[in-house]
Amino acid sequence: MPRFVRRLLIWATACSLWGLGLTASSAAAATEPAVTHATAADSGLARTPPMGFNDWNAFGCDVSEQLIEQTADYFVTSGLKAAGYTYLNVDDCWMTHTRDDQGRLVPDPAKFPNGIKGTADYVHSKGLKLGIYEAAGTATCAGYPGSLGHETTDAQSFADWGVDYLKYDNCNNQSDGSQADYIRRYTTMHDALGATGRPIVLSICEWGTSQPWQWGPGVGSLWRTTGDISDNWPSVRSIIAANAKLYPYAGPDHWNDPDMLEVGNGGMTATEYRTHMSMWAIMAAPLVIGTDLRKASAETLGILTDKDIISIDQDPLGVQGKVISDDHGLMVLDKPLSNGEHAIALYNSTDTLTTVGVSAHATGLRRSAAYRLQDVWTKDVTQTRSVIEAAVPAHGTVVYKVRPTSDAHRVAPSVNATGEVPTLVPGASTPGALVTTATNRGVGAVRDVRVRVTGPAGWKVSNSTTGRRPALGTDGSLTTTWRVQVPDGASAGSYPLHVTASYKWGSGHTAATSSDVIAQVVTAPADGRRYLSTVNPASSTNGLGPVEADQSNGQVDAGDGSLITVAGRVYDRGLGTSTDSEIRYYLGGQCSRLTTDVGIDDEDTSGTSATFTIQTDAATAATTTLAPGAAAQTLTADLTGAQWLVLTAASPAADTTAHADWASPALTCGDASPTDPIQPTEHTLFSFESGTDGFTIANADSGGTVEQSSAFHTDGEHGLLAHAPTGGNWFGGQLDNPLDLTGVSNIKFDVKAGTTGTSAEIAVQTGDSSWCQASLWTWVPPGSSKTITRRIGQISCPAGVSLDDSPITAVWVFLNSGGDHVVDNIRTE
């Protein structure tokens, strides 16, 4: 196997290996008292949250001197430096795999031909600062030499090179799991840095495992509070939920760090990226850019350099926003600023446009007859008597700078326009009903209020109640009902209905406010048999977190479940719900049959039974009640002629937390037969029924062995037990016949992690030596199971190699953490 393959492949996502020695739950239960370092006073190195760039999120191991220097140049020319971004931080993979004869770290000469010192000199010449990466373990997350036991030597090297910032990770930590061990390891590096005499910011990156907010002040200037961020909305939402509540622990030179920014990497919408930036600013978080700035769009730069949002983050008062309210995905945070204003964030993590607000008297603002609101993103200025409120889009955040005012009559009143619309069906004989509301929160009445709604081209929208009002006093509202007709033939999807409320205020001033109400259009499923987890529901509610596709319910966060398991039987397809759940599907009379297994998932701890019911329109088609531990039961429902399919799970004891599974639900529509193949079709490459299927390890000197096992299986009766080394290895085998990827969308495998948890990834081999991999690294928590899926388009190959015309000769999966993990059913879809 070529050396470049080894260097690219033996690594796991930095700051993601939660299971190496300590889980979050065991950390919370640690009995050792918190220890505060003796020099807990403000060091002055990070009076405000650090701002800069880190290469990891966009480049992984592809870091180089050229990249850092080009980014430094761009900091200057783009205005990022002027906006406050200072640090150029080099992440993992910057060094060689061995130390020199004196035990010192060696910068990779191919990546850094002038060494780290040469790069630091260049960065300093631009008026910027250089950061570097290491780990408080025997190896970094990518398998390079760690600093554990070498702290003094490494700290001196960093100082000699002119490093200004150290991100200190936690992989391969050899920890006994105690908080005292974490304090010892990170304090050792803190002291070593201090002994060099060079001021170097220490960023503690131990993923929140040992509650570093309790002991971090005086050891580091900032500390990670969660696992790694990913470029998707569920990741950002879960990190906000975890980090926001830690506001009492932040301040100058001791910051909660919810991880780097993903703004610009393409996995989220502009609204979600503005929320990302907004909430990091209101939480006084470090602002560390993680995108390729050389390719950044004007929109990305606009988000990253907005002076008002940055001023909130960098406010010298140094207060993290306090959570004022947190209710069903709607959160309000209040951050006092040094000029006497308050930054108020109205955050909507739900999937629909929602009014989010708070009484000014519930914040830290002083009492006043009125308040001035400046929208940080739009720059609009309005006034309110007492309610700070906005119509906030799904996954959006409105941030106001607020201060008391005595001249409210000179400023436009705060007026909000919002609405709700049910699921819509193209060509329906009965129009859908949109309900809009315009509300005046300002001091004094607004006059000649008019509400208008415009829909997409071809839609018909007309009001069935009045959309006008002569005047609205303070806190007055105008509610209007509208008929919405979607043209026949419209595709399923999300469509905006633009709601505008115009009005007059003061001595003849005119103003308007608007919002987009997102309408969901549904169509009948296509002909054929398909797993219901691949069909978009018209709506869903769940008693505990979201409904999960192809995994159990888990807890409140999206994606936190395991593979559905009922009485020991594991399913890789299905819907994970809890009791007090309802899922609605539009069938349009086109489907004939639903067959599904149902049961209480083995992860359930409620001890409560669940009643599973399949309804067609208003009739019950099938129902059963099952207790925990009972074997799965198969339900079959006749759907002939039904317009709607509704699945419900309820608890006879009114419990909302029982984990209720719909396992392998197969929907038959059109002229399909109940015996036709279920879509999407899958092809098994390795199932381990006859043994290990020739599986071996890619890097012999890294360790690892395999054997057949019946402990976990999703296809047949056996899987493959992999004894993974701490630093990880690739486990794989040659295919009997080269695989043509024509018509293949995904490569998948199922894995159950051992007691340490594992990072998991997929790579494929073309020919004898060309390796292609996704480099996305999914973390599988201890004892849990997942399906690891990679789209073909996510797998990158070396220059000159293309998966489109290169048959696959071998498939590899990555596992690590020094645990025993079982994989099964490596397949294409």
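What counts, and where the lines are drawn
Residues numbered from 1 in each chain as written. Predicted model: local features only at pLDDT ≥ 70, side-chain atom pairs only at ≥ 80, totals over all residues. Heavy atoms only, no water. Helix = DSSP H or I, 4+ residues; strand = E, 2+ residues; numbered from the N terminus. Expected span 1.5 Å × (residues − 1). Buried < 20%, exposed > 50% of the residue type's maximum accessible area, 1.4 Å probe, protein only. Pairing = 2+ DSSP bridges. Axes fitted to C-alpha atoms, helices over the stretch in contact; angles between N-to-C directions. Parallel < 35°, antiparallel > 145°, perpendicular 65-115°, else oblique. Left-handed = near helix turned anticlockwise from the far one by under 90°. Contact = heavy atoms within 4.5 Å. Nonpolar A, V, L, I, M, F, W, Y, C, P; charged D, E, K, R; others polar. Phe/Tyr/Trp six-rings, centres within 6.5 Å; stacked < 30°, edge-to-face > 60°. Lys NZ or Arg CZ within 6 Å of the ring centre and 35° of its normal.

Chemist: Explain helix α4 (residues 65-78) residue by residue, including any values.
Modeler: If you check α4, its first and last C-alpha atoms are 20 Å apart, about what 14 residues at 1.5 Å a residue would give, namely 20 Å. Buried within α4 are the following residues: Glu65, Leu67, Ile68, Glu69, Thr71, Ala72 and Phe75.

Chemist: Help me get a handle on the sheet that holds strand β8 (residues 287-289), residues and values and all.
Modeler: Ordered in space as β7-β6-β5-β4-β3-β2-β1-β8, the eight strands form an open sheet in which the pairing is parallel. Each edge of the open sheet carries a strand with a single partner, namely β7 (255-257) and β8. Pairs of neighbouring strands in the sheet enclose a mean axial angle of 25°, with direction left out of account. Judged from the five bridges that link them, strand β3 (residues 129-135) and strand β4 (residues 165-169) form a sheet pairing that is parallel.

Chemist: Run through the packing of helix α7 (residues 151-161) against helix α8 (residues 179-196), naming residues and quoting values.
Modeler: Orientation of α7 relative to α8, taken along the N-to-C sense of each, is 45°, at an axis distance of 8 Å. Regarding the angle of α7 to α8, the classification is oblique. The way α7 lies across α8 gives a crossing that is right-handed. Along the contact surface, α7 presents Glu151, Thr152, Ala155, Gln156, Phe158 and Ala159, while α8 presents Thr188, Met189, Ala192, Leu193 and Thr196. Broken down by class, the residue content of the contact of α7 with α8 amounts to six nonpolar, four polar and one charged.

Chemist: Kindly report on the side chain of Gln383, identifying the contributing residues and their values.
Modeler: Relative to the elements of secondary structure, Gln383 occurs in strand β14 (residues 381-384). Apart from the residues within four sequence positions on either side, Gln383 is in contact with Tyr371, Ala408, Val411, Ala412, Pro413, Ser414, Gly442 and Val443.

Chemist: I'd like a description of the packing of aromatic side chains, backed by residues and values.
Modeler: In this structure the tally under the stated criterion is 16 aromatic pairs. With a centroid separation of 6.4 Å and an interplanar angle of 55°, the aromatic rings of Trp233 and Tyr347 are classed as tilted. Separated by 114 residues along the polypeptide, Trp233 in helix α10 (residues 233-244) and Tyr347 in strand β11 (residues 342-348) bring together distant segments of the chain. Of the two residues, Trp233 and Tyr347, neither departs from the other in class, the shared state being buried. With centroids separated by 4.9 Å and ring planes inclined at 80°, the aromatic side chains of Phe686 and Phe695 adopt a geometry described as edge-to-face. When sorted by exposure, Phe686 lands in the same class as Phe695, which is buried. Taken together, the aromatic side chains of Trp730, Trp771, Trp812 and Phe814 make up a single cluster linked through ring pairs. The ring of Tyr182 is capped by Arg185, whose NZ or CZ atom sits 4.6 Å from the centre of that ring.

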